[in-house]
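# Observations on chain architecture
The residues making up each chain are set out below.
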Amino acid sequence: MAGNQQQSEDVTDRSDLLSEEGKNSKTVLCQRCGSKVLCPGMAVFAEKELFLPSMRKKSGLSTTEGSVDGDTLTAHWFVDDMYTFENVGFTKDVGRIKYLICADCEIGPIGWHSLDDKKSFYVALERVNHA
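Residues numbered from 1 in each chain as written. Predicted model: local features only at pLDDT ≥ 70, side-chain atom pairs only at ≥ 80, totals over all residues. Heavy atoms only, no water.

### Remarks on the sheet that holds strand 5 (residues 70-79)
Pairing in this open sheet of 6 strands is antiparallel, and the strands run 3-5-10-9-7-6 from one edge to the other. Only two strands of the sheet have a single partner each, and these edge strands are strand 3 (44-53) and strand 6 (88-90). Strand after strand, the sheet turns through a mean of 35° between neighbouring axes, direction not considered. As defined by bridge partners, strand 9 (residues 111-114) adjoins strand 10 (residues 121-124) across 3 bridges and the pair is classed as antiparallel. Along strand 10, the bridge assignment pairs glycine 111 with valine 123. (Pairing = 2+ DSSP bridges. Helix = DSSP H or I, 4+ residues; strand = E, 2+ residues; numbered from the N terminus. Axes fitted to C-alpha atoms, helices over the stretch in contact; angles between N-to-C directions.)

Here you go:
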């Protein structure tokens, strides 16, 4: 019983971020500096399992020997054109991936882009604020 209640709370949590069309109903902002990443209605909610390294300044995101601390996240805002973003930067290539960062304060990664698919950009809901 308690498990069902928790699940419905998660859905309710997310529903206030989603429009009826499944797009972001609120502005997506950087957690650190509050810079605008996406305007309302510009991204579609998508569930895709992606690994993102732990949040840090851009200089700390380059490839390092050994394992990388991070999280496997599944809830993302999906955008198919990099020019849809208001304010986002990209790291140097890490294998076949570029990580998305805040263009103002350079914290990240807030999202993920595969070089194999030029029309897919993902911003993790857990790595941004909504207002």
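### Notes on the side chain of asparagine 87
Along the chain, the position of asparagine 87 falls in the loop between strand 5 and strand 6. What makes asparagine 87 buried here is its relative accessible area of 16%. At 2.3 Å, the side chain of asparagine 87 and the side chain of serine 35 are in polar contact. Contact partners of asparagine 87, with chain neighbours within four places excluded, come to Ser35, Lys36, Val37, Cys102, Ala103 and Asp104. (Buried < 20%, exposed > 50% of the residue type's maximum accessible area, 1.4 Å probe, protein only. Polar contact = N/O pair within 3.5 Å; in protein donor to acceptor, adjacent residues only side chain to side chain. Contact = heavy atoms within 4.5 Å.)

### Looking at the sheet that holds strand 11 (residues 128-130)
Reading across the sheet, the 3 strands line up as 2-1-11 and stay open at both edges, with antiparallel pairing between neighbours. Looking at the sheet topology across the chains shown, the edges are occupied by strand 2 (36-38) and strand 11. This sheet shows a mean twist of 45° between the axes of neighbouring strands, independent of strand direction. Relative to strand 2, strand 1 (residues 28-30) runs antiparallel, the two sharing 2 bridges. Considered in strand 2, the bridge of valine 28 is made with leucine 38.

### Some words on the nonpolar core
Counting residues in each nonpolar core, the largest one holds 17 residues, and the members touching the most others are Leu38, Trp77, Phe85 and Leu100. Elements that contribute at least two residues to this core include exactly strand 2, strand 5 and strand 10. The dominant element in this core, judged by the number of residues it contributes, is strand 5, at 3 residues. In this structure, Leu52, Leu73, Val94 and Tyr122 belong to the second largest nonpolar core, which totals 10 residues. (Core = buried A, V, L, I, M, F, W, Y, C linked by side-chain atoms within 4.5 Å.)

### Structural notes on the pattern of salt bridges
Summed over the entire model, instances satisfying the criterion amount to 5 salt bridges. With a closest N to O distance of 3.7 Å, arginine 14 and glutamate 47 form a salt bridge. Here the residue arginine 14 occupies a position in helix 1 (residues 2-15), and glutamate 47 occupies one in strand 3, the gap between them amounting to 33 residues. (Salt bridge = Lys/Arg side-chain N within 4 Å of Asp/Glu carboxyl O.)

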